[in-house]
Protein chains: 2
Amino acid sequence: MRFFGHKKTVSVQTIRRLPQYLRLLQEWRGYGRELASSTDLADATHLPAIVVKKDLQAVGAPSKRRSGFKITGTIEAIENFLGWDNLKKAFLIGVGHLGGALLGFEGLKTHGLEMVAAFDTHPERVGTQIHGVPVYHTAQLKSMIESKGLKIAVLTVPKEAAQGLTDTLVDSGIKAIWNFAPVKLRVPEGVVVQQEDIGAGLAELCSKLH
Amino acid sequence: MRFFGHKKTVSVQTIRRLPQYLRLLQEWRGYGRELASSTDLADATHLPAIVVKKDLQAVGAPSKRRSGFKITGTIEAIENFLGWDNLKKAFLIGVGHLGGALLGFEGLKTHGLEMVAAFDTHPERVGTQIHGVPVYHTAQLKSMIESKGLKIAVLTVPKEAAQGLTDTLVDSGIKAIWNFAPVKLRVPEGVVVQQEDIGAGLAELCSKLH
């Protein structure tokens, strides 16, 4: 399984901006456009043009002298950089409000992730399908990860359950956890965790309210 | 309406870390603890102790020499800094998957936000209650913002609808928009936008998968 193809070190800030460029370029390609300048992207993202230019150069986006970046080539460069050119299968654990919302989020596929199964302990949820994704009992998690050879899990469980489930995930061979539970997970070296914190965005908003 | 009480400039990174400290300190206070060292918080958050210490000092957390920070005083300092000591009322626009999940998210109140009404155009949703929050038709948005004097709106609509609704929100007196639509909003000076991008976290996760 190949996750991504870059070698250079690229900053987290650049990486977090890439999906914005990707969505815009895909939209523009849909209109039949072939070239986009860093100024075009800067206008649409409210970022300085020099930031856009450096970001795109960092992932090896192809440009045409004085005409800007080639849209199709730039889309490919970003997708290749992030490993989003190969759809990766993932399991989601915890089908509460947020888990259900993520299963219904169309955007995940454009971001390289396909949810193939979900897990929960709730008798009302187990055995159903949510947005077309089958829900299994958490007791089946280990055997299903092992048989499918999955590497990525999305964790949307209450914080009390998060570490115990993480231990099971790691034991079963999961290498990447996208964690929405408000708790820091302990994982061994070689396993990556991306922590999402809804409170962080809200804190930023409140601090801007001068 | 007072949003927050700090004067110093504090970095965005610090601000985004504050909710983590707040949740831990509230939990520890619940166990009857009175003091916490920066090392305690560093262990629980996987951050360097010096970072924790500087963050807490930046918001004026009270400490006791050689014994660490006073938990209750530090909670108050963070809540005061973020303006989370006063519950702020907000409207949510767009009751799809994500909007519904946010309405059901218990954590919002501990983060200082109370959802008092939601808006949608879907006939099946208008007139219902979702997680106890009444859903009105979007046509009523302007008059209800004006009559309630609200300042904060949460935008969870499809991207095509986001700018048009933003114009209505701004016209009606909204000063802060927490935007989950994947599009940059144009707002006049004096209105703040906090942009959330689910793709950004996923991009970061994928880039960590070496």
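Above this text is the structure in question.
In this report, we go over the structure that sits alongside the text. Values in this document were obtained by computation on a predicted structure and should not be read as measured data.

The rules behind these values
Along each chain, the written sequence defines residue order, and numbers are assigned to residues from 1. Whichever chain is written first becomes A and whichever ligand is written first becomes 1, with later ones labelled in order. For a predicted model such as this one, the threshold for reporting local features is a pLDDT of at least 70, and the threshold for listing and counting side-chain atom pairs is 80 or more; totals across whole chains, interfaces and linings nevertheless cover every residue. As a convention, hydrogens and water are excluded, and side-chain values are obtained from all of the structure's heavy atoms. Each helix is a run of H or I in the DSSP string that is no shorter than four residues. Each strand is a run of E no shorter than two, and both are numbered from the N terminus. Accessible area is worked out with a 1.4 Å probe on protein chains only. A residue is then buried under 20% of its type maximum, exposed over 50%, and partly exposed in between. Contacts are assigned to residue pairs that have any heavy atoms within 4.5 Å of one another. Method for areas: the Shrake-Rupley scheme with a 1.4 Å probe, in which residue coverage is limited to the protein chains shown. Alignment of the copies relies on least squares applied to C-alpha atoms, considering only residues that score at least 70 for pLDDT in both. Throughout, the accessible surface (probe 1.4 Å) given up by two parts as they are put together, summed over both, is called the buried area. The working definition used for a salt bridge is a side-chain nitrogen of Lys or Arg within 4 Å of a carboxyl oxygen of Asp or Glu. Note on residue categories: nonpolar means Ala, Val, Leu, Ile, Met, Phe, Trp, Tyr, Cys or Pro, charged means Asp, Glu, Lys or Arg, and polar means any other residue, Gly included. Here a pair means two rings of Phe, Tyr or Trp (six-membered ring of Trp) with centres within 6.5 Å. Their orientation is stacked below 30 degrees between planes, edge-to-face above 60, and tilted elsewhere. Think of it as a cone above the ring: NZ of Lys or CZ of Arg counts as a charge over the ring if it is within 6 Å of the ring centre and within 35 degrees of the ring normal. Here, axes are lines fitted to C-alpha atoms. For helices the fit covers the stretch in contact, and angles between N-to-C directions go from 0 to 180 degrees. Handedness of a crossing is defined here by the sense of rotation of the near helix relative to the far one, left-handed for an anticlockwise turn of less than a right angle and right-handed for a clockwise turn. For two strands to be treated as a pair, DSSP must find no fewer than two bridges joining them. With the strands pointing away from the viewer, any crossover whose connection runs clockwise from the first strand over the helix to the second is right-handed.

1. Overview of the overall build of chain A
The number of helices and strands found in chain A is nine helices and 10 strands. Relative to its 210 residues, chain A shows a buried fraction of 51%. When contacts within chain A are restricted to residue pairs at least 6 apart in sequence, those whose partners lie at least 24 apart make up 55%. Just so you have it, chain A exposes about 9800 Å², and 51% of that area is on carbon and sulfur atoms.

2. Some words on the relation of the copies chain B and chain A
Least-squares fitting of chain B to chain A yields an RMSD of 0.0 Å, with the superposition described by an axial translation of 0.0 Å and a rotation of 180 degrees. Accordingly, the operation relating the two chain copies is best matched by a two-fold axis. Using C-alpha coordinates, one finds that chain B approaches the rotation axis most closely at Ala101 of chain B, a distance of 3.2 Å. Comparing contact sets, 100% of the residues at the interface of chain B also lie at the interface in chain A, consistent with an isologous, same-surface contact.

3. What to know about the interface of chain B and chain A
If you look at the interface, chain B gives 55 residues, while chain A gives 55 residues. A buried area of about 4900 Å², summed over both sides, lies between chain B and chain A, and 70% of it is on carbon and sulfur atoms. Viewed at the interface, chain A and chain B are joined by six salt bridges. Of the charged contacts, one joins Asp197 of chain A and Arg23 of chain B as a salt bridge, the two residues approaching to 3.0 Å between their closest N and O atoms. Mapped by element, the contributors of at least two residues to the side of chain B that touches chain A are helix H1 (12-30), helix H2 (38-45), helix H5 (97-103), strand E9 (176-179), strand E10 (192-195) and helix H9 (198-208) of chain B. Examining the composition of the side of chain B that touches chain A, we find that 11 residues originate from one element, H9 of chain B, more than from any other. Looking at the side of chain B that touches chain A residue by residue, the classes come out as 30 nonpolar, 13 polar and 12 charged.

4. Description of the packing of aromatic side chains
Residues and elements named next belong to chain A. Evaluation of the coordinates by the stated rule reveals six aromatic pairs over all chains. Three or more aromatic residues joined by ring pairs make a cluster, and in this case those are Phe91, Phe119 and Tyr136. In this structure, Arg33 packs its charged tip against the face of Trp28, placed 4.5 Å from the ring centre.

5. Digging into the pattern of salt bridges
All names here are of chain B. All told, the structure shown has 16 salt bridges over all chains when counted by the stated rule. Notably, a salt bridge pairs Lys89 with Glu114, separated by 3.5 Å at the nearest N-O pair. With Lys89 in strand E4 (residues 88-93) and Glu114 in strand E5 (residues 113-120), this pair connects stretches of sequence that are 25 residues apart. Overall, Lys89 belongs to the partly exposed group, its relative accessible area being 43%. Here Arg125 and Asp120 are joined by a salt bridge, their closest N and O atoms 3.1 Å apart.

6. Brief notes about the packing of H2 of chain B against helix H3 (residues 49-58) of chain B
Residues and elements named next belong to chain B. Running from amino to carboxyl end, H2 crosses H3 at an angle of 115 degrees, the nearest separation of the two axes being 8 Å. Our pair here, H2 against H3, has a crossing hand that is right-handed. Only Ala49, Val52, Lys53 and Leu56 of H3 make contact with H2, whose side of the interface consists of Ser38, Thr39, Leu41, Ala42 and Thr45. Its residues assigned to classes, the contact of H2 with H3 shows five nonpolar, three polar and one charged.

7. Details of the pairing of strand E8 (residues 152-155) of chain B
Both faces of the sheet carry side chains from a regular strand, because those side chains alternate between them. Residues and elements named next belong to chain B. Because side chains alternate across E8, one face comprises the buried residues Ile152 and Val154, and the other comprises Ala153 and Leu155, equally buried. Of the strand pairs in this sheet, E4 and E8 are connected by four bridges, and their pairing is parallel. Bridge pairing links Phe91 to Ala153 in E8. By the bridge criterion, four bridges tie E8 to E9 in an arrangement that is parallel. Bridging across to E9, Val154 finds its partner in Trp178. Crossover E8 to E9 through helix H8 (residues 159-171) is right-handed.

8. Some points on unusual backbone geometry
All names here are of chain A. Of note in this structure, Arg66 is not a glycine but carries a positive phi near 65 degrees. The residue Arg66 is located in the loop between strand E2 (63-64) and strand E3 (68-70) in this model. Judged by its relative accessible area of 81%, Arg66 falls in the exposed class.

9. Describing the sheet that holds strand E1 (residues 35-36) of chain A
Strand pairs in the sheet, formed through backbone hydrogen bonds, run parallel or antiparallel to each other. All names here are of chain A. Read from one edge of the open sheet, three strands run E1-E3-E2, paired in antiparallel fashion. In this open sheet, the two edge strands, each paired with only one partner strand, are E1 and E2. Helix H4 (residues 71-82) rests against E1 and E3 of the sheet, and its axis sits at about 70 degrees to E3.

What is shown is where atoms sit, not what they do.
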